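Reading the structure
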Amino acid sequence: MKKLIALLLSILMVCSLAACASKQDSASASAETVSTETASTESSGEEKTLTMATNVAFPPYEFYENEQPTGIDVDIATAICEKLGYKLEIMDIEFGAILGAVSSGKADFTMAGLTVTEERKQSVDFSTSYATGIQSIIVKEDSPITTVDDLYADGADYQIGVQQDTTGDIYCSDDFGDDHVQRFNKGADAVAALVSGKLDCVVIDNEPAKSFVAANDGLKVLDTAYAVEDYAAAFAKGSELTEPFNQALEELIADGTVKTIVDKYISAN
C-alpha cells in the first residue's frame, strides 16, 4: 500500500514539473514575440515631415493640378526635402497668415513667391534667393494706362487691385495711398474685379499676371515693370532648419535643378 502511494506521488510530481516547464516555455515564447514586434515597430519608424506654409493660388509658383498642389515652389521644396530626408507637407493658407504660421512654429518654413524685404527680415530669416520676381500691371486692352508712369501722372485717379499683404500691396499703398488700393485675398479675385470694371488695373507678380491674362479675354500685361524683387524661402528666427535647407537649395541651384524647375513652368506660360 505504501509503495502504491509513493508511486502515485512520484507520478503527480512529474506531471507538475512538466506543466511548469510548458508554462515557462509559453511565457518565453510570448515575451519573444512582443520583443520582436516592438523592435519591428521601432525599426520601421515614421517618415520625418517638413510643413511648408503657402498660398496655393499663385501660378506658376503654386497652384492645384488634379487636386494636388504643384508649381515652382512646390517642386523646389520637394527636391530640398528629398535631399534632407524629409517628406513635404503643404499647409495652404491665406498669404497674409504665412509669416505668422512660420514665426509661431505652426509651419517649418514657407515658399510662396515671397519677396525678401527689410521689414520681413525683422520677423523671419531668409534663404538664398532662388528666383527673380517682377511686379507687373494688368489692364484691359483699351485702358488709358499704357505704362507704369501713367499711374503717377498728375490728376491720376485710378483704383488698383492687389493681393493683400503682398509686396504689390505694400508698394502701391506707399506710392498711391490706401484710398487708391483695393485688397483681395487672392490674385484671381482682383483680376475678376478688373474684368467686371471695378478696378482700373491689378498689380501682381509677372508670372501669375501672364497666367491670369491667358485665362481672361480682353486683358494684357504692360511692358513696363512696376518693381523687381528677389524670392526666397523663410524660416522662424534662429531656426535650426535654415542652414541645412539653404545648403541643399544652393546645391540644387549649382547643379541646375532649380533652373530646370523654373523653366519647366515659366516656359509653359
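Residues numbered from 1 in each chain as written. Predicted model: local features only at pLDDT ≥ 70, side-chain atom pairs only at ≥ 80, totals over all residues. Heavy atoms only, no water.

**Topic: the side chain of Q135**
Tracing the chain through its elements places Q135 in strand β7 (residues 131-140). A residue is classified by how much of its surface remains accessible, and Q135, at 1% relative accessible area, is buried. Side-chain polar atoms of Q135 contact the side chain of T167, separated by 3.3 Å. Excluding its chain neighbours within four sequence positions, the residues that come into contact with Q135 are T167, G168, Y171, V203, I204, D205, A225, Y226, A227 and E229. (Helix = DSSP H or I, 4+ residues; strand = E, 2+ residues; numbered from the N terminus. Buried < 20%, exposed > 50% of the residue type's maximum accessible area, 1.4 Å probe, protein only. Polar contact = N/O pair within 3.5 Å; in protein donor to acceptor, adjacent residues only side chain to side chain. Contact = heavy atoms within 4.5 Å.)

**Let's talk about the packing of aromatic side chains**
As enumerated under the stated definition, the model contains 9 aromatic pairs in all. Between F58 and Y61, the aromatic rings sit 6.0 Å apart at their centres with planes inclined by 35°, giving tilted as the arrangement. With respect to class, F58 is no different from Y61; both count as buried. Both rings, one in F176 and one in Y226, keep their centres 6.3 Å apart while their planes meet at 25°; by these two values the pair is stacked. Taken as a pair, F176 in helix α6 (residues 167-176) and Y226 in the loop between β11 (219-221) and β12 (227-231) lie far apart in primary sequence, 50 residues in all. The buried category is assigned to F176, whose relative accessible area is 14%. These aromatic residues form a ring-pair network of at least three members: Y152, Y171, F176 and Y226. (Phe/Tyr/Trp six-rings, centres within 6.5 Å; stacked < 30°, edge-to-face > 60°.)

**Quick notes on the environment of T128**
Inspection of the secondary structure assignment puts T128 in the loop between β6 (124-126) and β7. Spatially, the C-alpha atoms of T128 and D230 are 9.3 Å apart, while their sequence positions differ by 102 residues. Sequence-distant contacts of T128, defined by excluding residues within four places in its chain, comprise Y231, A232, N246, L249, E250 and I253.

**Side note on the confidence of the model for the protein chain**
Confidence in the prediction of the protein chain, expressed as mean pLDDT, is 86, and 82% of residues score 70 or more. Taken as a whole, residues 1-44 scores under 50 in pLDDT and shows 0 contacts with residues more than four places along the chain or in a different chain. (pLDDT = per-residue confidence, 0-100.)

**A short note on helix α8 (residues 206-215)**
By the criterion of burial, α8 is predominantly enclosed, with 7 of the 10 residues buried. Taken residue by residue, α8 has N206, E207, P208, A209, S211, F212 and V213 as its buried positions. Where α8 is buried, its residues meet β7, α7 (187-195), β10 (201-205), β11 and α10 (257-266).

**Observations regarding α7**
Within an α-helix, residues lying three or four positions from one another point in the same direction, as the helix has 3.6 residues per turn. All of the buried residues in α7 are G187, A190, V191, A193 and L194. Buried residues of α7, seen end-on, are gathered within an arc of 155° and therefore sit on one face of the element. Residues of α7 that are buried make contact with β7, β8 (160-163), β9 (181-184), β10, α8 and β11. Positive backbone phi, at 90°, marks G197, one or two positions downstream of α7. (Arc of directions from axis to C-beta.)

**Things to note about the pattern of salt bridges**
Applying the stated criterion to the full structure yields 8 salt bridges. With a shortest N-O distance of 2.9 Å, E251 and K83 are connected by a salt bridge. Remark: K83 occurs in helix α2 (residues 72-84) and E251 occurs in helix α9 (residues 242-254); sequence separation between them is 168 residues. Among the residues examined, K83 registers a relative accessible area of 42% and is labelled partly exposed. The shortest N-O distance in the salt bridge between K237 and D125 comes to 3.2 Å. Here K237, found in the loop between β13 (234-236) and α9, pairs with D125, found in strand β6; they are 112 residues apart in sequence, far enough to count as distant. (Salt bridge = Lys/Arg side-chain N within 4 Å of Asp/Glu carboxyl O.)

**Side note on the environment of G113**
When you line up the elements, G113 lands in the loop between β5 (109-110) and α4 (118-121). Along the backbone, G113 and Y130 are 17 residues apart, and their C-alpha atoms lie at a distance of 9.9 Å. Not counting the four nearest positions on each side in its chain, G113 is found in contact with F58, E62, D73, Y130, D205 and Y231.

**Topic: the nonpolar core**
Judged by nonpolar contacts, the single largest core of 42 residues is most densely connected at I76, F109, M111, Y130, I138 and F245. Looking at this core, the elements that each hand over two or more residues are β1 (49-54), α2, β7, α7, β10, α8, α9 and α10. With residues up to four places along the chain from it excluded, the contact list for F109 reads L50, T51, M52, A53, A77, L88, V102, A234, F235, L241 and F245. Counting residues in each nonpolar core, the second largest holds 15 residues, with V139, F176, V181 and C201 among its members. (Core = buried A, V, L, I, M, F, W, Y, C linked by side-chain atoms within 4.5 Å.)

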